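Single-letter residue listing:
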Amino acid sequence: MRFRGKIIDIGCIQHFTRVVTTISKLVKSCTLRITTDTLYFILSERMVTGGTGIWCQVSQNHFFDEFNLDGVSAEANEIYLEVNPDLMVRALRTAQNAKSVKIKLTKKHMPCLTLEVELPTLAAHSRLVTHDVPVNVIPRRLWDEFEEPELPDFDVTLFMPCVKILRNVVDRMKNLSNFLTISANNSGEMNFGVSTDIATIKTHFKDVGHPNWRETSDRDPKEFADARIDIRKLAQFLVGQQLSSVKIICNLVHEHLAHFFIVHDDVSLQYSLPVVNS
Amino acid sequence: MKCIIPGINVKVFGRAVHSLSKIGEEIYFEPLDDGLALRTVNLSRSAFASFIFRPSFFSIYDDGHATLRNDDDVLKCKIGMKSCLSIFRSLSSLEKSVDRCKITLNMDDCRLVFQLFCRHGIVKTFNLTFIECETLQAVFSKEKCNNVLTAQTRLLCDAVTNFQASQEEVTLIVSKEKVSFKNYIEDEPDLKKVVHTVLDLVPEEFDLFQIDAPADITFCLKELRAVLTFSEAANMPVTMRFDVSGRPIAFCIDSDSTFEGNFLLATLADYSSQSQVTASSQVGLTPQTQGQRSKPSVSAQRSTARRANNGSSKSKTALKNMSKVSVEPPTQSDQGNEDRILPISLLGEPEPQRQDSPTNIEEEGTFVPGTPPGKRFKSLFFGMSQSTTTGSQPSSTQHQVLAADTDDEGD
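Residues numbered from 1 in each chain as written. Chains lettered and ligands numbered in written order. Predicted model: local features only at pLDDT ≥ 70, side-chain atom pairs only at ≥ 80, totals over all residues. Heavy atoms only, no water.

A. Summary view of the sheet that holds strand 13 (residues 179-184) of chain B. Within the open sheet, the nine strands sit side by side as 5(A)-1(A)-7(A)-8(A)-9(A)-14(B)-13(B)-12(B)-16(B). Their pairing is antiparallel. Each end of this open sheet is capped by a strand with a single partner; those strands are strand 5 (66-70) of chain A together with strand 16 (215-220) of chain B. The sheet shows a mean angle of 15° between the axes of neighbouring strands, direction not considered. For strand 7 (residues 100-107) of chain A and strand 8 (residues 111-119) of chain A, the ladder comprises eight bridges, and the chain directions are antiparallel. Counterpart to Val101 of chain A in the pairing with strand 8 of chain A is Val117 of chain A. Most of the contacts of helix 5 (residues 221-234) of chain B go to strand 16 of chain B, to which it runs at about 80°, and overall it touches strand 12 (169-174) and strand 16 of chain B. (Pairing = 2+ DSSP bridges. Helix = DSSP H or I, 4+ residues; strand = E, 2+ residues; numbered from the N terminus. Axes fitted to C-alpha atoms, helices over the stretch in contact; angles between N-to-C directions. Contact = heavy atoms within 4.5 Å.)

B. Broad picture of the environment of Ala98 of chain A. Residue and element names in this part refer to chain A. Along the chain, Ala98 turns up in the loop between helix 3 (85-93) and strand 7. Residue Ala98 is classed as buried on the basis of its relative accessible area of 6%. As a C-alpha pair, Ala98 and Val194 span 96 residues in sequence and 45 Å in three-dimensional space. (Buried < 20%, exposed > 50% of the residue type's maximum accessible area, 1.4 Å probe, protein only.)

C. Layout of the interface of chain A and chain B. Of the residues lining the interface, 29 residues belong to chain A; the matching set on chain B comes to 27 residues. Across the chain A to chain B interface the summed buried area is about 2400 Å²; carbon plus sulfur atoms make up 48%. Area buried by chain A at its contact with chain B is led by His109, His125 and Arg127 of chain A, which between them contribute 25% of it. Between chain A and chain B we count two salt bridges in total. Asp158 of chain B is the salt-bridge partner of Arg127 of chain A, the closest N and O atoms lying 3.3 Å from each other. Viewed at the interface, chain B and chain A are joined by seven residue pairs in polar contact (both at pLDDT 80 or more). (Buried area = accessible area lost by both parts, 1.4 Å probe. Salt bridge = Lys/Arg side-chain N within 4 Å of Asp/Glu carboxyl O. Polar contact = N/O pair within 3.5 Å; in protein donor to acceptor, adjacent residues only side chain to side chain.)

D. Expanded view of the domain arrangement of chain A. Residue and element names in this part refer to chain A. You can read the domains of chain A as domain 1 (2-146) and domain 2 (156-259). One C-alpha centre belongs to domain 1, the other to domain 2; they are set 31 Å apart. In this complex, domain 1 contributes 10 residues to the contact, which on the side of domain 2 involves seven residues. Carbon and sulfur atoms supply 61% of the area buried between domain 1 and domain 2, which totals about 700 Å² over both sides. Among the residues of domain 1 in contact with domain 2, Thr22, Lys25 and Leu26 are the three that bury the most area, contributing 57% of the side total. On inspection of domain 1 and its partner domain 2, the count reaches two residue pairs in polar contact (both at pLDDT 80 or more). Its residues assigned to classes, the side of domain 1 that touches domain 2 comprises two nonpolar, five polar and three charged. (Domains from an automatic or database assignment. Nonpolar A, V, L, I, M, F, W, Y, C, P; charged D, E, K, R; others polar.)

E. Quick look at the packing of helix 4 (residues 153-160) of chain B against helix 5 of chain B. Residues and elements named next belong to chain B. It is the contact of helix 4 with helix 5, at a shortest axis distance of 10 Å, that shows an interaxial angle of 140°. It follows that helix 4 is oblique to helix 5 by the angle criterion. Crossing angle aside, the handedness with which helix 4 passes helix 5 is left-handed. Listed contacts from helix 5 to Thr153, Arg154, Leu156, Cys157 and Val160 of helix 4 are Leu221, Leu224, Arg225, Leu228, Ser231 and Glu232. Per-class residue counts for the contact of helix 4 with helix 5 are six nonpolar, two polar and three charged. (Parallel < 35°, antiparallel > 145°, perpendicular 65-115°, else oblique. Left-handed = near helix turned anticlockwise from the far one by under 90°.)

F. Quick look at the side chain of Thr21 of chain A. Residue and element names in this part refer to chain A. Locating Thr21 in the fold gives a position in helix 1 (residues 10-26). Relative accessible area serves as the criterion here: at 6%, Thr21 is assigned to the buried category. A polar contact is formed between the side chain of Thr21 and the backbone oxygen of Thr17, at a distance of 2.5 Å. Beyond its immediate sequence surroundings of up to four residues, Thr21 is in contact with Val89 and Gln242.

G. Quick peek at the nonpolar core. Ranked by internal contacts, the top residues of the largest apolar core, which has 156 residues, are Phe260 of chain A together with Phe13, Ile103 and Phe114 of chain B. When residues in this core are grouped by element, the largest group, seven residues, is from helix 1 of chain A. In this structure Ile103 of chain B touches Met1, Lys2, Cys3, Ile5, Phe13, Phe29, Leu36, Leu112, Val113 and Phe114 of chain B, once residues within four positions along its chain are discounted. Core analysis: the next-biggest nonpolar cluster, separate from the first, contains nine residues, Tyr28, Leu136, Cys252 and Leu264 of chain B among them. (Core = buried A, V, L, I, M, F, W, Y, C linked by side-chain atoms within 4.5 Å.)

H. Structural view of helix 5 of chain B. Residues and elements named next belong to chain B. Compared with the 20 Å implied by 1.5 Å per residue over 14 residues, the 20 Å span of helix 5 between its first and last C-alpha is a close match. Those residues of helix 5 that sit buried are Leu221, Glu223, Leu224, Ala226, Val227, Leu228, Phe230 and Ser231. Just downstream of helix 5, Asn235 is the residue with a positive phi angle, here 50°. (Expected span 1.5 Å × (residues − 1).)

Printed below as a string of structure tokens:
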């Protein structure tokens, strides 16, 4: 089992850092699945532990200049690791002006993802910083738990309103209630609301964009779909994500699921929050 | 005593106070023939810092010795760090507004007076209460160090930024081929939470690279950061002088004629290589202490003392002998320790010492942290060495594992 990758371009290093930072803001520990062409950051909580799901896909060749992988076996050419993204971020932060970053799987005092950062100096030589980030290798019998979740048929699909505004709105609402209800319909109306015993507060957004992303069901465009979700988790996502400030797709399954989707050429992130019933 | 700091130097002086404030809680003030000394020591006495501002740093410098009959009357005092820091709080505004700073002593009211003469005729006067005390001095001989490294501040700052803000200690590993900084990890129960970081530097990066003996020394990052806050702003190279683990490391900043700064940090004693350390630490002693610690007998006395200690019936004489050398906590296992001397004491002291070791505080009973040091020389102890001692077993195994880098990835 071997893995070794090298990023040279400073833009790629910074972008990769942003991806990992985004993940680290959402979750303390997640699964890193490495295949020959893609890196995945995966979280699939069971319903009893919250049911949050993260599926982040990073296409390897957009970032890495060298990428060598010998998986568990020839037919299962993959590696699954349990990583703490926050530790990875701390290591990557020292590489923000690096000449190159090598990431490799090593066995030191324990299995580690070793990040070798080559820092520039004024002279000809360069400095080498090595960070050993401890990881856990996930045995093959547990791989089934990390399969890509199947997307359900969404009732409503819309772009999120401007994140900057929404972030402020949600941050304020966070002080009032633990749960927020998103209700939206396919004709571009989107409401974010909290309700307590003494007050109900709702922020309405109109004419929200509609992505031509998938065929939506033949649902009445005026009919609202509701999703009552954990407001903290939504706030975390809005505050912590560093991938995109526009074009976040929000999908709702009425009284079942809220699903947020960021798609780029090289990175995609899905974040799904289950509905919490009152 | 009276001295006046010209406007351009006020910021340097203020920055020195800032740097000292990151180490100690009190600032020791002493006018000398060859300049004004500001010193401090941290609570656990594991770090000592001093600045000496030469007369040329001031526009007027009068140490006050001329008017006194004998040298003992010269004021040596300490003032609270916070009150001194408040004078120089905002360095950027000091630079803009202060024309000169006058430091005088008001003997009638027992106040040390700082006056900042600012633009537009504004005069800010600070009357600080002080406590008279003896000279604070760490005995450390720069010449006795085998290893000397001089680096531009930039290099050290860049090196330090690779470590987490929460990182407490770093290990400096030097050999003739390279210099490495490594984060020092104390017995962390959960290995999964710790990132091991190593930074390698080639000798060419240093202005002066003189390594006689490979060394592996661990010291506090916090105090190194204090050194760097000063040197970075002054943009002056820093010279590190050190020997082996357990012996202190000195960081020196020297602007030939106007001032110099010295920071002395205790380093963690490496218990596995203690026997070799013994010899060199003996050599490194200053003449005063050599007389007290008659060489071969010390170890014998110490081992007696420890035995008595373990039997929890420590005689006063045994304690006296022990306190000349620093004592390890009684929890340390006895085997193989008989013939070695703990090198964590930086300086000798003819009188019984205040010890960090809990047993000694108990025995002496009178030690209150922060009281004025009664004697000319004070010890620096490394407080953390205790925790390492008690947990020495796990930590040594951890080191073994770390050493074996079985990186099988094959570059």
